[in-house]
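Secondary and tertiary structure notes
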Amino acid sequence: MTMSVPDDVRTCMTATWSEIEPRYRDLLGRTVDAGTADSFLRDWTAVSAAVFEAQQRLKIATDQNTADEDAKHRYGAFMDAVFPAYQAAEQELRQKFLASGVVPEGLAVPLKRMREQVELFREDNVLLLAEEQKLSTEYFAITGAQTVQWQGREVPAMRMVAELQNPDRAIREQAWRLITERRLADREAINDLWRRLLRLRVQIARNAGCDTYREYRWRQLMRFDYTPDDCKRFHRAVETVVVPALRRAARRRQERLGVDRLRPWDTDVDPRGRPALHPAGGVEELGRRSTAVFRRVHPAFGEYFETMMQGSLLDLESRANKAPAGYNMTLPASRMPFIFMHAIGVHRDVVVLVHEGGHAFHSFEANRLPYLPQRMGIPAESAEVASMSMELLTLPYLDSDDGGFYPAREANRARYDAIQPIIRLLAHTTMIDAFQHWVYENPEDAMDTAQCDHQFAELTERFLPVADFTGLEEAQATGWQPILHIHALPFYVIEYAFAQLGALQIWAAAMQDQQSAVERYRRALSLGNTVSVPEFYEAAGARFAFDEEMVRFAVELLEREIERFDAAA
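The following paragraphs examine the structure supplied in this document.

A word on the packing of helix 22 (residues 494-512) against helix 23 (residues 514-526)
The relative placement of two packed helices comes down to the angle between their axes together with the axis-to-axis distance. The geometry of helix 22 relative to helix 23 is characterised by a closest axis approach of 6 Å and an angle of 145° between their N-to-C directions. Taken together, the residues of helix 23 that come into contact with helix 22 (itself represented by I506, A509, A510 and Q512) are Q514, A517, R520 and Y521. Taken together, the residues of the contact of helix 22 with helix 23 sort by class into five nonpolar, two polar and one charged.

Comments concerning the sheet that holds strand 3 (residues 314-317)
Strand order across the open sheet formed by three strands is 3-5-4, with mixed pairing between neighbours. The open sheet terminates on both sides in strands that have one partner only, identified here as strand 3 and strand 4 (327-331). Averaged over all pairs of adjacent strands, the angle between strand axes in this sheet comes to 15°, irrespective of strand direction. Pairing of strand 4 with strand 5 (residues 336-343) involves five bridges; the strand directions are antiparallel. Opposite Y327, over in strand 5, you have F340 as the bridge partner. Helix-sheet contacts for helix 3 (residues 37-64) involve strand 3, strand 4 and strand 5, and the interaxial angle to strand 4 is about 150°.

Brief notes about the environment of A250
Among the structural elements, A250 can be located in helix 11 (residues 228-257). As a C-alpha pair, A250 and A554 span 304 residues in sequence and 18 Å in three-dimensional space. A250 has contacts with L262 and V466, leaving out every residue within four places of it along the chain.

Some thoughts on the packing of aromatic side chains
Taken as a whole, this structure holds 36 aromatic pairs when the rule is applied. Measuring from centroid to centroid gives 5.5 Å for W17 and Y24, while their planes differ by 40°, and the two rings are tilted. Taken individually, W17 and Y24 each receive the classification buried, so the pair is uniform in this respect. Ring geometry for W218 and Y226: centres 5.8 Å apart, planes at 75°, overall edge-to-face. Each member of the pair, W218 together with Y226, is buried. The rings of Y213, Y216, W218, Y226, F234, Y440, F491, F498, F536, Y537, F544 and F546 are connected pair by pair, giving a single aromatic cluster. For K112, the ring lying beneath its charged end belongs to F224, and the centroid distance is 4.5 Å. Geometry around F340 places K322 over its ring, the cationic atom sitting 4.7 Å from the centre.

Thresholds, definitions, all that
- Residues numbered from 1 in each chain as written.
- Predicted model: local features only at pLDDT ≥ 70, side-chain atom pairs only at ≥ 80, totals over all residues.
- Heavy atoms only, no water.
- Axes fitted to C-alpha atoms, helices over the stretch in contact; angles between N-to-C directions.
- Helix = DSSP H or I, 4+ residues; strand = E, 2+ residues; numbered from the N terminus.
- Contact = heavy atoms within 4.5 Å.
- Nonpolar A, V, L, I, M, F, W, Y, C, P; charged D, E, K, R; others polar.
- Pairing = 2+ DSSP bridges.
- Phe/Tyr/Trp six-rings, centres within 6.5 Å; stacked < 30°, edge-to-face > 60°.
- Buried < 20%, exposed > 50% of the residue type's maximum accessible area, 1.4 Å probe, protein only.
- Lys NZ or Arg CZ within 6 Å of the ring centre and 35° of its normal.

Spelled out as structure tokens, the structure:
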């Protein structure tokens with residue numbers, strides 16, 4: 001079954017701007033007041049959602065097959081001929097609505113964000129932002145084409161990640177080296193792309209009157225509730241609390257593996273030497289069992305996921321020339337989400353799918369709101385709470401006796417495998433964030449990719465002192481290259497750490513009363529983009545906080561539960 005496409009969206013995917021523009025001209029010619037605001041917003045929502053979804057679907061097509069030149073051409077043509085004019089027309093409508101002074105119920109927060117968009121918009125940046133999108137697609141084309149020879153077959157490099165969980169250390173090392181060698185073969189291509197992206201972003205910031213790209217991006221991401229200095233204080237809290245916990249975990253892993261030092265291929269394998277967990281069946285079975293698990297969390301979530309399965313709104317299989325990414329993408333005209341990922345037959349598939357499922361359920365809940373500004377543009381600090389909480393809320397339901405994935409003992413091991421990496425995630429996302437602060441504080445230095453390599457190696461030692469990279473220094477230093485957020489989604493990574501702290505609070509509440517915690521969580525999802533980040537957290541039963549006290553709460557909770565699940569497994 002193929003995805004159904006609304007007629008408006010299908011038209012926009014092939015239309016010229018001259019065919020779309022009359023609908024915008026009509027809206028710009030209308031009067032907006034208290035009596036007409038509702039009809040204006042609904043009609044604006046209809047056309048904006050159609051054009052935006054057209055762009056999303058064209059982008060998905062390039063990700064599904066990075067070697068499809070026709071898909072690449074269609075997306076590039078849209079970004080050149082339609083997207084810039086669409087952005088300019090949206091800017092005019094935002095200005096018009098804000099000038100009316102009308103604030104309908106549920107639009108106070110979206111209008112605050114809309115005002116920031118208007119103030120940040122520059123005509124000179126329209127084409128540059130489209131170019132940035134195309135360069136991001138070029139990054140995915142490079143990484144999506146990475147394959148290796150394994151056991152007589154050519155396989156996507158992404159699929160080799162499963163071998164890093166092989167109990168045979170020699171096989172793990174061989175797989176790691178193959179992945180790394182293939183990645184390094186594209187080193188210069190990615191370095192060249194990086195310099196082009198960096199020059200472009202510096203120009204975008206300058207055009208917008210910002211002193212740095214970080215200032216521009218902060219405003220573009222509408223980070224109203226914290227500052228760059230707050231992030232740096234969080235970095236220090238992670239060093240104080242999380243890094244010692246990582247060292248403790250590394251010592252236990254080294255002892256259990258019985259090795260004299262941990263190497264990069266030793267960090268993902270089960271420390272007790274057990275083979276990797278493998279969810280039963282292929283992607284269809286993965287979807288069917290996930291539906292059962294989601295239904296146990298809340299019946300509505302099971303129904304939502306079933307709708308996605310029936311509507312071909314999942315692309316789960318790993319294959320050659322598929323972009324190495326995992327995401328949920330909201331299709332606003334269809335009012336449906338779409339999940340894209342690589343299932344490679346290990347427990348990580350389950351973790352990624354329930355994570356993206358949380359995003360999808362956020363889309364379903366928020367899509368009940370009438371206007372596009374209420375449904376789209378949800379801050380990542382809130383959106384990632386939806387996904388990370390789902391990873392934790394599904395943990396009680398992994399047993400195959402309940403329709404889940406594993407027998408009881410393996411289910412406990414899966415719980416251990418799900419939460420054990422969270423401490424590392426807090427450090428890893430912080431390291432990436434610190435790297436990006438350095439880049440955009442020192443863009444001239446960052447143009448020299450050798451300096452990027454040096455900086456990233458230093459940050460790895462500062463935040464992730466786990467694996468010994470002796471003799472592998474080139475791989476460690478270039479570890480920033482395969483991190484897609486650095487290239488395609490600058491500064492969008494610290495949200496994962498902040499959201500993880502929120503999700504852990506929701507999980508702690510669920511341990512006391514799962515039903516009540518899930519109802520608060522679902523209520524928060526339904527608010528969409530109508531509340532601030534702290535208000536979203538409060539609705540979900542958490543606090544938006546990332547100081548040392550909150551970080552310590554998170555690490556103590558994780559270490560306690562890791563020990564419990566480890567013993568049960």
